[in-house]
Amino acid sequence: MGASVRLTDAPDWLYLLREFDALYRYGSAGGSAAIRGHRKRVRDRLSAAMAKNPAVLSNGGETKPVTAHFARALDLGERGAMQGMARALREVRDSLTWEYGYEKLSKSLAQKYAYCEVLGPKGPVQCDNLILGFVLFAPSTTYPQHSHSDIEESYISIAGAWSENNAAVFAPGSLILNRSGDEHRITTGDRDPCLLAYAWCGPAARLAAPDMKLTATRKARARS
Ligand SMILES: [Fe+2]
């Protein structure tokens, strides 16, 4: 696909974004004003982006070692509460560009983690003030403690079990909000991979050049 392809010409991407819209529009905020505000910001930005019928760029598609677990994650997702999202994601699987955020990634994490964006400044669907994507973890992964400046981040569980800051175990359908500066560390269950959808809201300049503070190595930059 070239730059001339628009969202309405790419129904697989359009329907995937409709799944995100439904999650942030119809799900519950669980009584939290902070989560309610975040959900509204995500859906307002997504609606505005979709109304422009944005360009859909082909980033070529790229795998990482952890994507060997992707088929299992989709299969689990298609059997659970997030089946609509998992099915829509399956339709674009060959076009996803899986990447790493860390400048310096440990060998072990390089085998067990990657993310792909579906909407954002770099595409594939273009938007300057919101990033939507997915992060995939192999079983028994620890994603090191970090925080994001000027960005609020939410995760919605699609498949697998995971925990943040040892505070709870999250199952498909759960939404977790990390506000700007919140320190967070993720661990995943030992039996199956874990697939999370995520949304990043922030100023356009920050989303174009995200600054992530890894608590252990302050110079590292990464996303999610
Ligand atoms: Fe994060």
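The present account deals with the structure reproduced in this document. Bear in mind that the values here come from a model prediction, so they are computed numbers and not experimental data.

1. Some details on the overall build of the protein
Piece 1. Within the protein one finds six helices and eleven strands.
Piece 2. In terms of overall size, the protein behaves like a compact globule, its C-alpha atoms giving a radius of gyration of 16 Å where 224 residues would be expected to give roughly 17 Å.
Piece 3. For the protein, the C-alpha atoms occupy an extent of roughly 40 × 35 × 35 Å along the three principal directions.
Piece 4. Of all 224 residues assigned to the protein, the portion counted as buried reaches 40%.
Piece 5. In the protein, 74% of the contacts between residues at least 6 apart in sequence involve partners at least 24 apart.

2. Here's the deal with the pairing of strand 6 (residues 152-159)
Piece 1. Within strand 6, eight of the eight residues are buried, which leaves it mostly tucked inside the rest of the structure.
Piece 2. Here seven bridges tie strand 6 to strand 10 (residues 194-201), and the two strands are oriented antiparallel to one another. When the sheet's bridge partners are listed, Ala159 is paired in strand 10 with Leu195.

3. Considering the pairing of strand 2 (residues 113-120)
Piece 1. Counting buried residues in strand 2 gives eight out of eight residues, a clear majority hidden from the surface.
Piece 2. In this structure, strand 1 (residues 98-99) lies alongside strand 2, joined through two bridges in antiparallel fashion. Its bridge partner being in strand 2, Trp98 is matched across the sheet by Cys116.
Piece 3. As paired strands, strand 2 and strand 4 (residues 130-137) are joined by six bridges and run antiparallel to one another. Counted as the bridge partner of Tyr113 is Phe137 from strand 4.

4. Re the environment of Trp13
Piece 1. Turning to its location among the elements, Trp13 is positioned in helix 1 (residues 11-26).
Piece 2. Judged by the 24 C-beta atoms lying within 10 Å of it, Trp13 is buried.
Piece 3. Sequence spacing of Trp13 and Ser95 is 82 residues, and the spatial spacing of their C-alpha atoms is 10.0 Å.
Piece 4. In contact with Trp13, not counting residues within four places along its chain, are Leu7, Val56, Val92, Pro124 and Val125.

5. Topic: the nonpolar core
Piece 1. In terms of nonpolar packing, the biggest core is built from 58 residues, with Leu119, Leu130, Phe134, Leu136, Ile158 and Leu196 touching the most fellow members.
Piece 2. Contact partners of Ile158, with chain neighbours within four places excluded, come to Gly77, Met82, Met85, Ala86, Pro172, Leu195, Leu196 and Ala197.

6. Quick look at the packing of helix 1 against helix 2 (residues 33-51)
Piece 1. Direction vectors running N to C along helix 1 and helix 2 enclose 150 degrees, while the axes themselves pass 9 Å from each other. Regarding the angle of helix 1 to helix 2, the classification is roughly antiparallel. The crossing of helix 1 and helix 2 is left-handed. Taken together, the residues of helix 2 that come into contact with helix 1 (itself represented by Leu17, Phe20, Asp21, Tyr24 and Arg25) are Arg39, Val42, Arg43, Leu46 and Met50.
Piece 2. Counted by class, the contact of helix 1 with helix 2 contains six nonpolar, no polar and four charged residues.

7. Some remarks on helix 1
Piece 1. Spanning 16 residues, helix 1 covers 22 Å between terminal C-alpha atoms, matching the ideal 22 Å at 1.5 Å per step.
Piece 2. Buried within helix 1 are the following residues: Trp13, Leu16, Leu17, Phe20, Leu23 and Tyr24. End-on view of helix 1: buried residues confined to an arc of 110 degrees, all on one side of the axis. Opposite the packed face of helix 1, turned more than 90 degrees from it, sit the exposed residues Pro11 and Tyr26.

Criteria and cut-off values
Residues numbered from 1 in each chain as written. Predicted model: local features only at pLDDT ≥ 70, side-chain atom pairs only at ≥ 80, totals over all residues. Helix = DSSP H or I, 4+ residues; strand = E, 2+ residues; numbered from the N terminus. Rg over C-alpha atoms; globule rule 2.2 N^0.38 Å. Buried ≥ 20, exposed ≤ 12 C-beta atoms within 10 Å, placed from the backbone. Contact = placed C-beta atoms within 7 Å. Pairing = 2+ DSSP bridges. Core = buried A, V, L, I, M, F, W, Y, C linked by C-beta atoms within 7 Å. Axes fitted to C-alpha atoms, helices over the stretch in contact; angles between N-to-C directions. Parallel < 35°, antiparallel > 145°, perpendicular 65-115°, else oblique. Left-handed = near helix turned anticlockwise from the far one by under 90°. Nonpolar A, V, L, I, M, F, W, Y, C, P; charged D, E, K, R; others polar. Expected span 1.5 Å × (residues − 1). Arc of directions from axis to C-beta.

Nothing here speaks to function; it is geometry throughout.
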